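# Descriptive analysis of the structure
This is what each chain is made of:
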There are 2 protein chains.
Amino acid sequence: MLKVKKFGGSSVRDKERIFNVARRCVEDYRAGDDVIVVLSAMGDSTDGLLEKAREINPDAKKRELDMLLATGEQVSVALMAMAIDSLGVPCISLNAFQVAMHTTSTYQNARFKRIDAERITHELDNRKIVIVTGFQGINKYDDLTTLGRGGSDTTAVAIAAALHADECEIFTDVDGVYTADPRVCPSARKLKEITYDEMLEMATLGAKVLHNRSVELAKKYGVDLVVRSSLNRNEGTVVKEEVKVERMLISGVTSDKSAARIALIGLKNEPGIAFKIFNLLSKKNINVDIIVQSIGRDDTKDISFTVNQSNLKEAMELLEENKTKLTAQRVEAQEGVAKVSIVGAGMQTNAGVAAGMFEALYGVGVNIRMISTSDIRITVLVDEDKADKAVAALHDKFIPEE
Amino acid sequence: MLKVKKFGGSSVRDKERIFNVARRCVEDYRAGDDVIVVLSAMGDSTDGLLEKAREINPDAKKRELDMLLATGEQVSVALMAMAIDSLGVPCISLNAFQVAMHTTSTYQNARFKRIDAERITHELDNRKIVIVTGFQGINKYDDLTTLGRGGSDTTAVAIAAALHADECEIFTDVDGVYTADPRVCPSARKLKEITYDEMLEMATLGAKVLHNRSVELAKKYGVDLVVRSSLNRNEGTVVKEEVKVERMLISGVTSDKSAARIALIGLKNEPGIAFKIFNLLSKKNINVDIIVQSIGRDDTKDISFTVNQSNLKEAMELLEENKTKLTAQRVEAQEGVAKVSIVGAGMQTNAGVAAGMFEALYGVGVNIRMISTSDIRITVLVDEDKADKAVAALHDKFIPEE
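Structural notes, computed from the coordinates.

Calculation criteria
Counting restarts for each chain: residues are numbered from 1 in the order of the written sequence. Each chain is given a letter, starting from A, and each ligand a number, starting from 1, according to the order in which they appear as written. Reporting of local features is limited, given that this is a predicted model, to residues whose pLDDT is at least 70; pairs of side-chain atoms are given and counted only at 80 or more, and all residues count toward the totals for whole chains, interfaces and linings. Hydrogens and water are ignored here; the side-chain numbers use all heavy atoms of the structure. Only DSSP runs of H or I reaching four residues or more are called helices, and only runs of E reaching two or more are called strands; each is numbered from the N terminus. Contact between two residues is taken to exist if any of their heavy atoms lie within 4.5 Å; hydrogens are not considered. Throughout, buried area stands for the accessible area (probe radius 1.4 Å) lost by two parts on being put together, summed over both. Salt bridge criterion: a side-chain nitrogen from Lys or Arg within 4 Å of a carboxyl oxygen from Asp or Glu. Counting of polar contacts relies on pairs of N or O atoms within 3.5 Å, with two restrictions inside protein: one atom must be capable of donating a hydrogen and the other of accepting it, and residues adjacent in sequence are counted only when both atoms are side-chain atoms. By the convention adopted, Pro, Cys, Tyr, Trp, Phe, Met, Ile, Leu, Val and Ala count as nonpolar, Lys, Arg, Asp and Glu as charged, and the other residues, Gly among them, as polar. Working definition: with a 1.4 Å probe on protein chains only, accessible area under 20% of the residue-type maximum means buried, over 50% means exposed, and in between means partly exposed. The least-squares superposition of copies is restricted to C-alpha atoms, and to residues with a pLDDT of at least 70 in both copies.

### What about unusual backbone geometry?
Even without being a glycine, H164 of chain A presents a positive backbone phi close to 50 degrees. The phi angle at D142 of chain B is positive, at roughly 70 degrees, despite the residue not being glycine. Mapped onto the elements of the fold, D142 of chain B is located in the loop between strand 7 (136-138) and strand 8 (144-146).

### Considerations on the interface of chain B and chain A
Each partner contributes to the interface: chain B provides 41 residues, whereas chain A provides 41 residues. Ranking the residues of chain B by area buried against chain A places I56, M67 and M82 of chain B at the top, with a combined share of 21%. In this structure, D143 of chain B engages R119 of chain A in a salt bridge whose closest nitrogen and oxygen atoms are separated by 2.9 Å. Where chain B meets chain A, there are 20 residue pairs in polar contact (both at pLDDT 80 or more). Secondary structure elements with two or more residues in the side of chain B that touches chain A: helix 1 (15-30), helix 2 (45-56), helix 3 (62-86), strand 3 (91-94) and helix 4 (96-99) of chain B. Its residues assigned to classes, the side of chain B that touches chain A shows 23 nonpolar, seven polar and eleven charged.

### Some words on the pattern of salt bridges
A side chain of one charge can pair with a side chain of the opposite charge if their charged atoms are brought near each other. Evaluation of the coordinates by the stated rule reveals 58 salt bridges over all chains. The salt bridge involving D85 of chain B is made with K61 of chain A; its shortest N-O contact spans 2.7 Å. In this pair, D85 of chain B is assigned in helix 3 and K61 of chain A in the loop between helix 2 (45-56) and helix 3 (62-86), connecting two distinct chains. K313 of chain A is the salt-bridge partner of E317 of chain A, the closest N and O atoms lying 3.4 Å from each other. Placement of both E317 of chain A and K313 of chain A in helix 10 (residues 312-321) is noted, with a separation of four residues, approximately one turn of the helix. By relative accessible area, K313 of chain A is classed as exposed at 62%. Connected via shared salt-bridge partners are K3, K5, D28, D33, E169 and R228 of chain A.

### Regarding the relation of the copies chain B and chain A
Superposition record for chain B on chain A: RMSD 0.1 Å, screw rotation 180 degrees, translation along axis 0.0 Å. The relationship between the two copies is best expressed as a two-fold rotation axis. No C-alpha of chain B lies nearer the rotation axis than that of T71 of chain B, which sits 2.6 Å from it. A share of 100% of the interface residues of chain B reappears at the interface of chain A, consistent with the copies meeting face to face through the same patch.

By themselves, these figures tell us nothing about what the structure is for.
In structure tokens, the structure reads:
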């Protein structure tokens, strides 16, 4: 079996953790598997490098930042090779140049274009464990690029796809994907399986296990992902196209407390107003989430939407400045709100889910401020201090006990 | 003018030093020069990486050590690019892959085979300062290699040769090459010029300014080297094929206190004995320096030679074990000795130099234990506590005051 195993920075932060990873790889190797390991930079070493860069030049060119940051993963893979070697198993470390991980030219946020399988295959054929730098690539100028957040997950998936691996394991500090955050919802339980689409909705909504780009890539190439802990031997969660076990209606309940709500009140009811608002915000890179438009009094309309709390101040200033142009009578902000969502491919064929959700929230006295839906998700905006109660109630309602 | 400027680890050890280097490069650039900068890893960061490696695996494979160590220079060049950029001058950092610095396959001690000029030339044509990682290369397997001690000097010379640079400046923490160690000999003065061959003799004998491999390479390709300080604007010393200023008889006086002397007494006077002795030592990688053979009593002979003090114990054990096979009656060791040398291309055409040297030493009561000579060097072995006195006396005798 050809296995790709990805370990994040905290899994290789010191000698003890490095050997923990080394032993897991050696086990698979000795069981006869071909093993490719993808690693991030050690612990917080990337932050250390960024701090050095900021000290020299706070506006450093992205091209040079990537040149700098790419050293982090190279240190990890070289040390891992030394650890695995000391356990008596042949292995080799490879960086983005050696594998030939071709990406787009965008520094700091590149995307994979093509991975050459040749060198890795050659080393696997020699029965070596192959240890590859995550997070980095090379572009058409032969310059180093980095992939942005969750980059090493994406590297693992891209390599698994290029080499037609049988399994791509993403090791994290949690056991897998849970039906809800166990800290909020003690009855939350780990999912055996989840579809790519469900995982994408969960990731967007605050379940910080896998990054969307890696899930999208896995979906595109049909790579089955296994999310599991690097600290124990629990089974983890498989992310795949079609879930084969008996379908649950809902796979998970998530909450995101970093939201804030903005409302523009008394807008003229004429075409183009919404475009103007969101064009203005997008030019400043302010991402807008749930959008609700409603008819106001006197033939005006109101538009409200959520932004991340970190963007609230900038968004409000921008909208106040342009209030007249946007024909708004008033701009209101509300902090202290949270998005609570239920996600499940099962709801596509079951009409009663939305009603069930609203009923459950009503039952525990949670007021709904906004509603947004997709094929496999229903999100409501609630007061932040009610979010945990809402999650628990929805979990009780939709997730059957094991 | 095309200039290659090489700065060692101490010249880029912190923000202040990095900007000091950046400003020197920018000055040349603004004066119209094309500038290539070659850098070592920052301060003692290479030692830090080696320490990490030792912690994981004291017998780490050299291939993986090179993969690890090569990150050090990559950090330096990226940070330097950020510094130069912040001074408003276009620049780009390049590593061994990007330049295509082809070396032999020997990890930890590779030698340059070929440097592709293409990428560097392209960047220079765009009027950028080009910042290149010293010390590292890639071999035919596409693996990273490092060049061993003094590697970054060698990188600078190799690039200067490949691009037919007009000047190759090696910046160190001293002003240039001195006629003697100024700490030992206060009247020592800086040389304006010195030949490659003289520099090679000086380097071997303990003047720790340039490493032999870089001088050999400079000689091979006729690259003029300038040795100067990164901390001041003094002129430095030019190392070249032919010195044009009025020749001095002697260019420098050096001493090396790390020597020890071994004598094998009463060897049978038959062919092959010397071969056996030095073959035995070379198999253990023990370098032997001055060798003297003399006729002993009773048709026997004595052979004595110097080794580095660090090899003395191992050498003595080896020789004691094999005493019978080597036909030696006795093996003696002597510590507390030093090599003192005078170096100068001028002595080739002047017969009186050796006699003058012995006279000067006799004049200050220094006893000579061994003598060794080359075309442009005379070395004597003296008691260690007399070495400084010997250097001063020889300097007074041979080096005219300015």
